[in-house]
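# Close look at the chain arrangement
Each chain, letter by letter, is given below.
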Amino acid sequence: MSTTTTIVTGGDRTVRRSSRRIEPIYYLFLLPTLVLFTLAITVPAVMGIFFSFTDSIGIGTWSFNGLTNYIAAFGDPAILQSYLFTFGFSIVTVIVVNVLAFLLAVGLVSRIRFKTGLRAIFVIPMVVSGIIIAYVFNFLFSNSIPALGTATGIPWLSTSILANPDLAWVGIVIVTAWQAIPGTLLIYIAGLLSVPGEVYEAADLDGANKFQQLTRITVPLVAGYFVINVVLGFKGFLNAYDIIKGLTDGGPGTSTRSVAMTIIAGFNGGDYAYQMANATIFFVVAILISLLQLSVTRGRNAL
């Protein structure tokens, strides 16, 4: 990027104006990324929206059917249940992840021994594949814990919660939170380390205890980091798929089937156009949620 300065004289005044010219080489560097993004994201999305107005099964001939798929999707109990589960699961998981991650971050920045080693241990789940984590916890929930419950004579531990339609979502929240906490933890640690130590020293002189310092100093000063974690977490949990696939495969029945699982199952079952309509609706809902979050958090997330 080059900068040129021109001098314009008007009457007795001399005005300096600066204009910036973008070098063509920048566009050349941008072109590969733009082409890849267009081919991998934009084109498939436009094609999917187009086919959502047809009766296509993914291959072969097709014809337009207007808004038939959208009307059917709004009245489909299976799709409505998947939306209810996805949003409920996302809200609960966001709360669990942020509360636990913040408390862990507070502990890991305090004056404790081996805090550097503990930080390294706590971030390990973040680098493990979600499907691998799901299969490991599936074994624990389905075999190890029931065996332990049987051996100790504890009835409620003797059966797998993944087989219970009313409790399977709890297992999904536990495993998802276990994987998501490390990333959230790192952001909170960065926020806590950015708080000046002089603030806490002044609070000590004023007689504030640790709890008062936490609620009246720490929490307000890291509020921007709360916003970041809530927004990122909620967006990620809305697209939940791999952990649910490995734990319950959407079961028992369809009680833990997310929107993403419903869409992909429809693709595999020959409901391509129908589920593309569902995917388009989900895309619009995600956009509306993003706009709502931006409007609510605007001006409050400056770090």
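Now for a quick tour of the structure. Predicted model, so just to flag it, every value in this text is computed and none were measured. (Residues numbered from 1 in each chain as written. Predicted model: local features only at pLDDT ≥ 70, side-chain atom pairs only at ≥ 80, totals over all residues. Heavy atoms only, no water.)

### A word on the overall build of the protein chain
Stated formally: Counting from the N terminus, the helices are the DSSP runs of H or I reaching at least four residues and the strands are the DSSP runs of E reaching at least two. When we talk radius of gyration, it's over C-alpha atoms, and the globule rule is simply 2.2 Å times the number of residues to the 0.38. Contacts are assigned to residue pairs that have any heavy atoms within 4.5 Å of one another.
From N to C terminus, the protein chain includes 12 helices and 2 strands. A globule of 303 residues ought to have a C-alpha radius of gyration of about 19 Å, yet the protein chain, at 26 Å, is considerably larger. Overall size of the protein chain, expressed as C-alpha extent along the three principal axes, is 90 × 70 × 30 Å. The contacts of the protein chain with a sequence gap of at least 6 include a subset with a gap of at least 24, amounting to 65%.

### So, the nonpolar core
Put simply, the rule reads: Each nonpolar core is a collection of buried residues, namely Ala, Val, Leu, Ile, Met, Phe, Trp, Tyr and Cys, held together in the definition by side-chain atoms within 4.5 Å. A simple rule labels every residue: compare its accessible area, found with a 1.4 Å probe on the protein chains alone, to the largest value its type can have, and call it buried under 20%, exposed over 50%, or partly exposed in between.
One finds Phe89, Val175 and Leu247 to be the most contacted residues of the largest nonpolar core, which totals 45 residues. Secondary-structure elements contributing two or more residues to this core are helix 2 (68-74), helix 3 (77-108), helix 5 (130-152), helix 6 (168-193), helix 9 (223-238), helix 10 (242-247), helix 11 (259-268) and helix 12 (272-297). Excluding its chain neighbours within four sequence positions, the residues that come into contact with Val175 are Ile133, Phe137, Phe141, Ile243 and Leu247.

### Some remarks on the packing of helix 3 against helix 9
Short version of the rule: A fitted line through C-alpha atoms represents every axis, and for helices the fit uses only the stretch in contact; the resulting angles, taken between N-to-C directions, go from 0 to 180 degrees. Working rule for handedness: look at the near helix, and if it is turned counterclockwise from the far one by less than a right angle, call the crossing left-handed; if clockwise, right-handed. Ten residues, namely Ala, Val, Leu, Ile, Met, Phe, Trp, Tyr, Cys and Pro, are considered nonpolar, four, namely Asp, Glu, Lys and Arg, are considered charged, and the remaining ones, Gly among them, are considered polar.
For the pair helix 3 and helix 9, interaxial distance at closest approach is 9 Å and the crossing angle is 140°. Between helix 3 and helix 9 the crossing geometry is right-handed. Two secondary-structure elements touch here, helix 3 through Thr86, Phe87, Phe89, Ser90, Ile91, Thr93, Val94, Val97, Asn98 and Phe102 and helix 9 through Phe226, Asn229, Val230, Gly233, Phe234, Phe237 and Leu238. Residue composition of the contact of helix 3 with helix 9, grouped by class: 11 nonpolar, 6 polar and no charged.

### Re the side chain of Gln275
Tracing the chain through its elements places Gln275 in helix 12. Since its relative accessible area comes to 5%, Gln275 is described here as buried. Leave out the neighbours within four places in its chain, and Gln275 touches Ile79, Thr262, Ile263, Gly266 and Phe267.

### Digging into the side chain of Ser56
Put simply, the rule is: In the analysis that follows, any N or O atom pair within 3.5 Å is treated as a polar contact, provided that within protein one partner can donate a hydrogen and the other can accept it, and provided that, for residues neighboring in sequence, both atoms belong to side chains.
With respect to the helices and strands, Ser56 occurs in the loop between helix 1 (24-51) and helix 2. A residue is classified by how much of its surface remains accessible, and Ser56, at 5% relative accessible area, is buried. A polar contact is formed between the side chain of Ser56 and the backbone nitrogen of Gly58, at a distance of 3.0 Å.

### Remarks on the packing of aromatic side chains
Heads up, the rule is: A pair of aromatic rings is counted whenever rings of Phe, Tyr or Trp (Trp by its six-membered ring) have centres within 6.5 Å, and the orientation is called stacked for planes under 30 degrees apart, edge-to-face for over 60 and tilted otherwise.
Scanning the entire structure with this criterion turns up 18 aromatic pairs. Centre to centre, the rings of Phe50 and Trp62 are 5.6 Å apart; their planes meet at 90°, and the pair counts as edge-to-face. With Phe50 in helix 1 and Trp62 in the loop between helix 1 and helix 2, the pair connects residues that are 12 residues apart, well separated along the chain. Taking relative accessible area as the criterion, Phe50 reaches 36% and is therefore assigned partly exposed.

### What to know about the pattern of salt bridges
Applied cut-off: Here, a salt bridge means any side-chain nitrogen of Lys or Arg that lies within 4 Å of a carboxyl oxygen of Asp or Glu.
This structure, assessed with the given rule, holds 1 salt bridge. Here Lys245 makes a salt bridge to Asp249, at a shortest N to O gap of 2.8 Å.

### Concerning the environment of Ile71
Among the secondary structure elements, Ile71 is positioned in helix 2. Here Ile71 falls in the exposed class, since its relative accessible area comes to 61%.

### Focus: unusual backbone geometry
Of note, the bond from Gly251 into Pro252 is cis; its omega dihedral lies within 30 degrees of zero at -5°. Structurally, the position occupied by Pro252 is in the loop between helix 10 and helix 11. Phi angles above zero are rare outside glycine, and Asp249 is one such case at about 55°. One can find Asp249 in the loop between helix 10 and helix 11. Owing to a relative accessible area of 40%, Asp249 belongs among the partly exposed residues under this scheme.

### Here's the deal with the environment of Ile244
Mapped onto the elements, Ile244 comes out in helix 10. For Ile244, a relative accessible area of 0% puts it in the buried group. Discounting residues that sit within four places of it in the chain, Ile244 has contacts with Phe85, Ile172, Asp249, Gly250, Thr256, Ser258 and Met261.

### Quick notes on helix 9
Heads up, the rule is: By definition here, a helix of n residues has an expected span of 1.5 Å times n minus one.
With 16 residues, helix 9 ought to run about 22 Å at 1.5 Å a step, and its terminal C-alpha atoms sit 23 Å apart, in line with that. For helix 9, every residue scored as buried is listed here: Gly224, Tyr225, Val227, Asn229, Gly233, Phe234, Phe237 and Leu238.

### Points about helix 5
This is how the line gets drawn: Bend angle per residue: angle between axes fitted to the 7 residues ending at that residue and the 7 residues starting there.
The terminal C-alpha atoms of helix 5 lie 31 Å apart, and with 23 residues this matches the ideal 33 Å at 1.5 Å per residue to within 8%. The sharpest bend along helix 5 measures roughly 35° and falls at Leu140. Inspection of helix 5 places Gly130, Ile133, Ala134, Phe137, Asn138, Phe141, Pro146 and Gly149 among the buried residues, and these make up the whole buried set. Against the buried residues of helix 5 lie helix 6 and helix 10. Where helix 5 ends, the next residue or the one after it, Gly153, has phi of about 75°, a positive value.

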